Amino acid sequence: MADMSATLAQRNALMARKLLIIAGMMGCFGLALVPFYRQICEVTGISQSRIVAQSASGSVDPTRDVTVEFVASNSNGLGWTFEALNPIVQVHPGQQTTVRYRVVNTTGHRVVGQAVPSYAPSQAAPYFKKLKCFCFDQQTFAAGEARDMQVVFVVEPDLPTDISRISLSYTFFDVTAESGGKS
Amino acid sequence: MEASHAHAHDDHHHAPTGLARYFTTTNHKDIGSMYMWFSLIMFFVGGFMALVIRAELFQPGIQIVNPDVFNQLTTIHALVMIFGAVMPAFVGFANWQIPLMVGASDMAFARMNNWSFWLMPPAATLLVGSFLVPGGAAGSGWTLYPPLSIQGGISVDMTILAVHIMGASSIMGSINIITTILNMRAPGMTLMRMPMFVWTWLITAYLLIAVMPVLAGAVTMLLTDRHFGTHFFNAAGGGDPTMFMHIFWFFGHPEVYIMILPAFGIISHIIPTFARKQLFGYSSMVYATASIALLSFIVWGHHMFTVGMPAAGNLFFMYATMLIAVPTGVKVFNWIATMWRGSITFETPMLFAVGFVSLFTIGGFSGLVLAVTPVDITLHNTYYVVAHFHYVLFSGAIFSIMGGAYYWLPKWTGHMYDETLGKLHFWLTAISFNITFFPQHFLGLAGMPRRIPDYAPQFTEFNQISSIGAFLLGFSQLLFLYVVIKCIRGGAKAEAKAWEGAEGLEWTVPSPAPYHTFETPPQFH
């Protein structure tokens, strides 16, 4: 109504342009959700995919016991066996612990795998510090190769007291195609 | 039909006839009719898939389809019903009714309107045709969650492309609807005097423009994960499948209201007409609709209470979801207050409207149950959820579409439909609907998971009741098709104002509405 001299067709075209811009902005907003989501996960510490070595802090709390379960699974189509050799361990918060996983490449060819960790409950993730882990790097296995791999971890003493059991699940993904020349 | 043909020839000497008329038409009434027919065809296609699902679930064990095909049927049934049946039906109503209700001669962008419609059949062909490619249709569920949607075959690409095309169609349709409503109302029709159906569609169209691009972005990222080596959702490369759920439901929850707000609009016309009273609380209806639309953007997390969000997140989404019950309750009470002490008659549209108010409210309450995080953690992915969303989508959206079709058929065709058959259709639908979906609440509470072709034997009886109801419900809809065809071909002559208590500009033009209406804007009082 601001510009009465404009014809209806002109006013309609202007409106369509405005609405298209809104649609375009919402499209950008949808894509912006990706970095925004990662940021939120980082800030709140619920990121499931932190795969960098951390250093432990704090002292051992011998009065508390935490049960840690280790789970191993393969994603679709990865033809090797993957198992946790220490499926359940009891630790004190602050105590440095080592567990091992074993992979046997039962396929007839070289396979490159990437393990991705996942925590349950997810609230425990920020308190679970890994000093050493096979998930930090891609793992290459020659045909028929078997190897044991380590996870060195510390459960932080400030773990909320209502968490007494943590499950850590590793899923191996086949990244042979993407790793290309690297071996 | 014959009459409108003749009329078209009188007025416009170069209007093409026959099939070409429908390919090239820019007339909002033609396009509205095409949307309605498209929607009805897709309703039967999706319904056929539902009946195969119910036939498989008649007994425990695998009888008719293998689990892969079962998953494909649940996926495509949902996509066809949402994007092929419910949404196009409401767009069909919008095309027919909005220009008539606001006193405009046509939609703002008549050619774009033609294109919006003709994008739909190719998209539907991609969707339904994906059953024929190697590996069968997408079986990831309509939500297209990774990793399943990343691992699937070419049919997933066809589904993604179909979603893109239908999204583009929806955005163009929405631009058309908003521009028509905001720029082309008859003199005297201020925003707060617009018919409720126009209001609900104005808000729905804004929702579509806001969330369809987000869905397009999400499925595009799926596509690049599948083919171009990106890792948005692919955990192997550091992506996060949970992120897809967040982005998808940021679209998905407003989408739920896209499928129900126009229904609220239709019901807000039918009830005052047959109660012969003004709509109770018009302005509160407008504000309630707007509040529901705004709240729909901050409740997506209630679809994913079980993915491991922090407790604060779960609590926020729980309370925000419960808050939606307030404006929805305002609307339900307003409809009841409109009927209160009215001179009610129960013609078929009113039966569907009353059925809507009662059954949609059941679906709303089961939604409130599911909003409670600890309860949802138990009921997530069970048949309780299936029962809930069929109560809001079938006895909500579809009942309003059926009721609206009976209500405006006299205006569209110039004939009264067969009232006896219409009432029979309503009662068959309402009864068989409850036979189908009410037992599913019990199945869900007892722990039967959804999207699984087999089940434990103790669920057999309720599943058999549900399947029998489903076949009754499905075949009852053939009666609707018969009534519509019969009404188009003949019947008692409808007056301009086909219903005694009807109000609005659409009832001031003759029935059937001439091919061209309101060439000069009417004065709205």
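The rules behind each value
Residues numbered from 1 in each chain as written. Chains lettered and ligands numbered in written order. Predicted model: local features only at pLDDT ≥ 70, side-chain atom pairs only at ≥ 80, totals over all residues. Heavy atoms only, no water. Helix = DSSP H or I, 4+ residues; strand = E, 2+ residues; numbered from the N terminus. Rg over C-alpha atoms; globule rule 2.2 N^0.38 Å. Buried < 20%, exposed > 50% of the residue type's maximum accessible area, 1.4 Å probe, protein only. Contact = heavy atoms within 4.5 Å. Areas by Shrake-Rupley, 256 points an atom, 1.4 Å probe, with all protein chains shown as cover. Pairing = 2+ DSSP bridges. Axes fitted to C-alpha atoms, helices over the stretch in contact; angles between N-to-C directions. Salt bridge = Lys/Arg side-chain N within 4 Å of Asp/Glu carboxyl O. Phe/Tyr/Trp six-rings, centres within 6.5 Å; stacked < 30°, edge-to-face > 60°. Lys, Arg positive; Asp, Glu negative; His and termini not counted. Polar contact = N/O pair within 3.5 Å; in protein donor to acceptor, adjacent residues only side chain to side chain.

Enquirer: Describe the overall build of chain B, and please don't skip the residues or the numbers.
Expert: What chain B contains, in helices and strands, is 17 helices and zero strands. Over its C-alpha trace chain B gives a radius of gyration of 23 Å, about what one expects of a compact globule, namely 24 Å for 525 residues. Overall, chain B is about 65 × 50 × 45 Å in size when its C-alpha atoms are taken along their principal axes. Relative to its 525 residues, chain B shows a buried fraction of 61%. Summarising the internal contacts of chain B: among those between residues at least 6 apart in sequence, 83% fall at separations of at least 24. If you sum the accessible surface of chain B, you get close to 19000 Å²; carbon and sulfur atoms cover 70% of it.

Enquirer: Describe the sheet that holds strand S8 (residues 146-155) of chain A, naming the residues involved and giving the relevant values.
Expert: Residues and elements named next belong to chain A. Reading across the sheet, the four strands line up as S2-S4-S8-S6 and stay open at both edges, with antiparallel pairing between neighbours. This sheet does not close on itself; its edge strands, each paired only once, are strand S2 (81-84) and strand S6 (128-133). Neighbour to neighbour, the strand axes of the sheet diverge by 25° on average, direction disregarded. Sheet topology note: the S6/S8 ladder contains five bridges and is antiparallel. Counterpart to Cys 133 in the pairing with S8 is Val 151.

Enquirer: Lay out the pattern of salt bridges in plain terms, naming residues and giving numbers.
Expert: Pairs may arise between side chains of opposite charge once their charged atoms sit close together. As enumerated under the stated definition, the model contains nine salt bridges over all chains in all. For Arg102(A), the salt bridge is made with Asp148(A), and the minimal N-O distance between the two is 2.8 Å. One end of the pair, Arg102(A), is in strand S4 (residues 97-104); the other, Asp148(A), is in strand S8, and 46 residues separate them in sequence. Residues Asp418(B) and Lys486(B) are paired through a salt bridge, measuring 2.5 Å at the closest nitrogen-oxygen approach.

Enquirer: Please provide a residue-by-residue account of the packing of aromatic side chains, values included.
Expert: Residues and elements named next belong to chain B. Under the defined criterion, the tally for this structure stands at 64 aromatic pairs over all chains. Ring geometry for Phe 117 versus Trp 118: centroids 5.0 Å apart, planes at 80°, classification edge-to-face. Residue classification places Trp 118 among the partly exposed residues on the basis of a relative accessible area of 25%. The interplanar angle of 20° and the centroid separation of 6.4 Å between the aromatic rings of Phe 471 and Phe 475 together place this pair among those described as stacked. With Phe 471 and Phe 475 both in helix H17 (residues 460-489) and four residues apart, the pair spans about one turn of that helix.

Enquirer: Would you mind going over the side chain of Glu56(B) in detail, with residue names and values included?
Expert: Residue and element names in this part refer to chain B. Considering the arrangement of structural elements, one finds Glu 56 in helix H3 (residues 28-56). Of the side chains with opposite charge, Arg 54 comes closest to the buried, unpaired Glu 56, at an N-O distance of 10 Å. Looking at Glu 56, its side chain comes within polar contact range of the main-chain nitrogen of Gln 63, at 3.1 Å. When sequence neighbours within four positions are dropped, the list of residues in contact with Glu 56 reads Gly 61, Ile 62, Gln 63, Ile 64, Val 65, Phe 70 and Pro 453.

Nothing here speaks to function; it is all geometry.
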